[in-house]
Amino acid sequence: ASKVKRARPEAIPDLFGHAECAVAPTGPARTDRAPSDREGVVPVLVPLPLDEPFDYTLDGAPPPPGRFVEVPFGPRDLVGVVWPGRGGREVARARLKPVGRRLDAPPLPPALLRLVEHVAAITLAPLGNALKLAIPVPAALDPPLPKPGLRRAPAPPDGVRLTGARSRVLEALAEGEVVPAADLGRRAGASPAVVQGLVKAGLLESAAMPPADPEQPDPGRPAVDLSPVQEEVGAALRARVGCGHDVVLLEGVPGAGKTEVYLEAVAEALRQGRQALVLLPEIALSAQLLGRFRRRFGVEPAVWHSELGSAPRRRTWRAIAEGKAPIVIGARSALFLPLSRLGVIVVDEEHDQSFKQEDGVAYHGRDMAIARARFEDCPVILVSATPALDSAHAAGRIGGSGEGAAGRVFLLPARHGGAPLPNVHLVDLKRDRPPAGRWLAPGLVRALRTTLERGEQALLFLNRRGFAPLTLCRACGQRLQCPNCAAWLVSHRFKGRLLCHHCGFSRPTPDFCPGCGTVDSLVPCGPGVERLAEEVRALLPEARTAIMTSDSPSGPKAAAELVRAMHDHEVDLLIGTQIIAKGHHFPDLTLVGVVDGDLGLAGGDLRAGERQFQLLYQVAGRAGRAGGGGMVLIQTHLPEHPVMQALRFGDKERFYEEELAQREEAGLPPFGQLAALVVSGRDLGEVRKFAQDVARSAPTVDGVRVLGPAPAPLALLRGRYRQRLLVIARADIDLQATLRPWLQAQKPRGTLQLQVDVDPYSFL
């Protein structure tokens, strides 16, 4: 095989099409050409950390770009994809290896090939690693094995005695119909022995079950009654479907009915025979959303996320590839599904940090959704009650003349049905102190009692899993730390274990200090949601409580059951982390208590204030959605902080403008660009030296600064020491072009690794 040169980058617009930035290679766009100039030679890209496809020989007509093939690669056979473009350097045909079998799966659509190239160019990841995102289920590339069933024999033997049960089975089976044996027996009210007796007698024969196509959604079903404002926005979104690429921002207060409005665009895509993709930041959000889709279209959409089992993943991927799934709801990885007729993409809760992939190929789901919509020539709708500062600024919503907002920003300023927004009160913990050993201020406890006495529901929000974030020894002061990470072990009392939330290390809670050996000296420090639940049970023993975090309940089905229990008022008080802050609608919930409003404001994260405001604004929006009035109490030691004041007075615009002004003064996004370089390895000395070598070789470019290296906040992670460098560049700099030659010149050896994260969202 010979390497094929990658295409040069082309320019595509930024978030809302206001500027140009060089990012995406053009190769996959040229799908109207043969994959290679040389007859019988095709380039194939394999999902390995390689930056280019390789040439292979192939007899017969060349397969189209995107076709899955099996090719020899070293000592093994790999699944690869026929890649668009021209062949590389001339190599004697005899030296090229032949393509193996062609897999019986639909090819990846041209727009998806372009997205793979774009992701690799933006993130500086190897092209093969980006391709791997589009091949999540290799087992689905072969057709599924047919399921066995039974049908009437075309030439049954004569003289077979028919009992009443046998006659019922034959009468229950239409001519030519194929039915599983168990279903046939149940249909006829006959035992398995009777059915098998008919098979042995030659009256029934085995046959393959025909593939069952999923039920199709009906866009003509009546929608819920929309308010005049909702109907106007819904009509504007419908009008954009089928009219080319566009990026619009749908912003509305919590409870404004944003979902029902963007479903109008989904319905329009279905009417035009096209597909719709809806991205969610959290799997648990799909529970209530699936119900809304079912009511609107008559069937549930295809669902895609990491918790799907292997068999459902195979079926779902295959159905999507074959065009049998008109609507797909999924996490960020759903962006790389082979949807071939996309008519609209919706990014729900577009501001959420979960859309950023941190490990491996470090892409942002929102930005890549915009890119794919451009390649598909379809609109993308960004939806949020608290848009990301970058999105709001790019749309002209804040920080400009507002000209960019014309026709691109749609506002839903009031809750559906006229329900008022909740009243927000700050609980100053310097004045209203919780008793020793407790975490709920007296004022919040009184509000909880009053709410539950009225037969209403309440929510306590604390963005910290487990029982306590720290366990220390009273005798010697040792803090129990993860052996693999520079992080404390979190106490999970329900499990009786200490866990590291970074690497997954787990150990039983010891009876004595591992440092000094003192028995019964270990004490938990600080609250987690489990500790909060313990306090609530002591203060409000009659309250029916439940905990909801990213790992409790376990799995989407359990999360859906908890959401149902809340909706049916089988739970009085819900305690949870950020997973409960968005998307959920509980009609009887009127009180929200934020236990630690200051959590998340500290540290060196440039988005800390923005992120905390969005989180608390969203969780506050769970209160009073059904019109009965709601109240939010935020416990804080910093009542004068701009985030707290903005929440108290509901002044989102002022907060965003002030935050934007600070970013502009510092030259930070969206007025500048960032890239994080992380050097890691098993030997601290080698890590430090290599990080210094990387810094010394940094390019000298006007408008680009390189800070560091310095120990990362998590200086030890999963057994690897870490040093960070931060690159800060002006907005007009081609950051990828600056970084690429610099990073390609670095040659980490041994256990050393150099990872790059363009536009980092985590600064750990």
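Residues numbered from 1 in each chain as written. Predicted model: local features only at pLDDT ≥ 70, side-chain atom pairs only at ≥ 80, totals over all residues. Heavy atoms only, no water.

Enquirer: How should I be thinking about the overall build of the protein in this particular structure?
Expert: Counting its secondary structure elements, the protein contains 19 helices and 30 strands. In terms of overall dimensions, the protein has a C-alpha envelope of 90 × 75 × 65 Å along the principal axes. The buried share of the protein, reckoned over its 764 residues, is 53%. When contacts within the protein are restricted to residue pairs at least 6 apart in sequence, long-range pairs at least 24 apart make up 75% of them. Accessible surface, the protein: about 32900 Å² in total, of which carbon and sulfur atoms supply 52%. (Helix = DSSP H or I, 4+ residues; strand = E, 2+ residues; numbered from the N terminus. Buried < 20%, exposed > 50% of the residue type's maximum accessible area, 1.4 Å probe, protein only. Contact = heavy atoms within 4.5 Å. Areas by Shrake-Rupley, 256 points an atom, 1.4 Å probe, with all protein chains shown as cover.)

Enquirer: Hey, could you run me through the sheet that holds strand 6 (residues 76–82) in this one?
Expert: Within a sheet, adjacent strands bond to each other through the backbone by hydrogen bonds, running parallel or antiparallel. Within the open sheet, the four strands sit side by side as 4-3-6-5. Their pairing is antiparallel. The open sheet terminates on both sides in strands that have one partner only, identified here as strand 4 (54–57) and strand 5 (68–73). For this sheet, the mean inter-axis angle between neighbouring strands, taken without regard to orientation, is 55°. Across two bridges, strand 3 (residues 41–45) lies against strand 6 in antiparallel orientation. Bridging across to strand 6, Leu45 finds its partner in Val81. (Pairing = 2+ DSSP bridges. Axes fitted to C-alpha atoms, helices over the stretch in contact; angles between N-to-C directions.)

Enquirer: What is the right way to look at the side chain of Gln614 in this model?
Expert: In this fold, Gln614 is placed in helix 15 (residues 608–620). Here Gln614 falls in the buried class, since its relative accessible area comes to 5%. A polar atom in the side chain of Gln614 sits 3.4 Å from the backbone oxygen of Thr386. Every residue in contact with Gln614, bar those within four places of it in the chain, is listed here: His351, Thr386, Pro387, Ala388, Leu389 and Tyr656. (Polar contact = N/O pair within 3.5 Å; in protein donor to acceptor, adjacent residues only side chain to side chain.)

Enquirer: Looking at this model, I keep getting lost on the packing of aromatic side chains. Mind explaining?
Expert: How two aromatic rings sit relative to each other is given by the distance of their centres and the angle of their planes. Scanning the model with the defined rule gives eight aromatic pairs in all. Centre to centre, the rings of Phe68 and Trp317 are 6.1 Å apart; their planes meet at 65°, and the pair counts as edge-to-face. Separated by 249 residues along the polypeptide, Phe68 in strand 5 and Trp317 in helix 9 (residues 310–321) bring together distant segments of the chain. For Phe68, a relative accessible area of 0% corresponds to the buried category. (Phe/Tyr/Trp six-rings, centres within 6.5 Å; stacked < 30°, edge-to-face > 60°.)

Enquirer: Teacher, can you tell me more about the environment of Phe505 here?
Expert: Checked against the element boundaries, Phe505 lands in the loop between strand 20 (497–499) and strand 21 (506–508). Along the chain, Phe505 and Asp348 lie 157 residues apart, while their C-alpha atoms are 33 Å from each other. Residues contacting Phe505, with those up to four places away along its chain left out, are Cys482, Pro483, Asn484, Leu489, Leu498, Leu499 and Cys500.

Enquirer: How should the environment of Gly628 be read in this particular structure?
Expert: For Gly628, the location among the structural elements is in the loop between helix 15 and strand 26 (631–636). Separated by 40 residues in sequence, Gly628 and Asp588 place their C-alpha atoms 8.3 Å apart.

Enquirer: Sorry, what's going on with empty space enclosed by the protein here?
Expert: One way to see where empty space is left: roll a probe the size of a water molecule over the atoms. Tallying each qualifying case throughout the model produces three cavities of 30 Å³ or more. Forming the walls of the largest cavity are Leu280, Glu282, Ile283, Ser286, Val303, Trp304, His305, Ile329, Gly330 and Ala331. Among the secondary structure elements, those contributing two or more residues to the lining of the largest cavity are strand 11 (302–304) and strand 12 (327–330). (1 Å grid on protein atoms, 1.4 Å probe; cavity = no way out; pocket = protein on both sides within 12 Å on 5 of 7 lines; lining within 4 Å. Points joined across faces, edges and corners; volume = space filled by probe spheres on them.)

Enquirer: I'm lost on the pairing of strand 26 in this one. Help?
Expert: One face of the sheet, then the other: side chains in a regular strand alternate in exactly this way. Of all the six residues making up strand 26, five are buried; the element is thus mostly covered by neighbouring parts of the structure. Sheet analysis places strand 25 (residues 589–594) next to strand 26, joined by four bridges and oriented parallel. Paired with Val592 across the strands is Val632, a residue of strand 26.

Enquirer: Just checking my understanding: could you explain helix 12 (residues 442–453) for this structure?
Expert: In an α-helix, one turn spans 3.6 residues, which is why side chains three or four residues apart end up on the same side. For helix 12, which comprises twelve residues, the first-to-last C-alpha distance of 17 Å matches the rise-based estimate of 16 Å (1.5 Å per residue) to within 8%. Burial in helix 12 covers these residues: Gly443, Leu444, Val445, Ala447, Leu448 and Thr451. Buried-residue contacts for helix 12 involve strand 17 (457–461), helix 13 (529–539), strand 24 (573–576), strand 25 and strand 26. Looking one or two residues past helix 12, Gly455 carries a phi angle of roughly 80°, positive in sign. (Expected span 1.5 Å × (residues − 1).)

Enquirer: How should the sheet that holds strand 27 (residues 672–681) be read in this particular structure?
Expert: Within the open sheet, the four strands sit side by side as 28-29-27-30. Their pairing is antiparallel. On the outer flanks of this sheet lie strand 28 (704–717) and strand 30 (753–758), each paired with one strand and no other. Mean inter-strand twist for the sheet, computed between neighbouring axes without regard to direction, equals 20°. Bridging between strand 27 and strand 30 involves six bridges; their strand directions are antiparallel. Along strand 30, the bridge assignment pairs Ala676 with Asp757. Against the sheet, helix 18 (residues 684–696) makes contact with strand 27, strand 28, strand 29 (720–730) and strand 30, and its axis sits at roughly 15° relative to strand 29, the strand it touches most.

Enquirer: What should I look at first to understand the nonpolar core in this one?
Expert: The biggest cluster of nonpolar side chains holds 72 residues, and the ones touching the most others in it are Leu237, Leu250, Tyr262, Phe293 and Ile381. The element best represented in this core is helix 7 (residues 258–271), accounting for eight residues. Those residues within four positions of Ile381 in sequence are excluded, and the remaining contacts are Leu237, Val248, Leu250, Ala265, Val344, Ile345, Val346 and Val347. (Core = buried A, V, L, I, M, F, W, Y, C linked by side-chain atoms within 4.5 Å.)

Enquirer: For this particular structure, what's the right way to read the pairing of strand 10 (residues 275–279)?
Expert: Among the five residues that make up strand 10, five are buried, leaving the element largely enclosed by the rest of the structure. Of the two faces of strand 10, the one lined by Gln275, Leu277 and Leu279 and the one lined by Ala276 and Val278 are each fully buried. Two elements, strand 10 and strand 13 (residues 342–348), share five bridges in a ladder whose sense is parallel. Residue pairing for strand 13: Leu279 is matched across the bridge by Val347. Judged from the four bridges that link them, strand 10 and strand 12 form a sheet pairing that is parallel. Each residue of the ladder has a partner; that of Leu279, found in strand 12, is Gly330.

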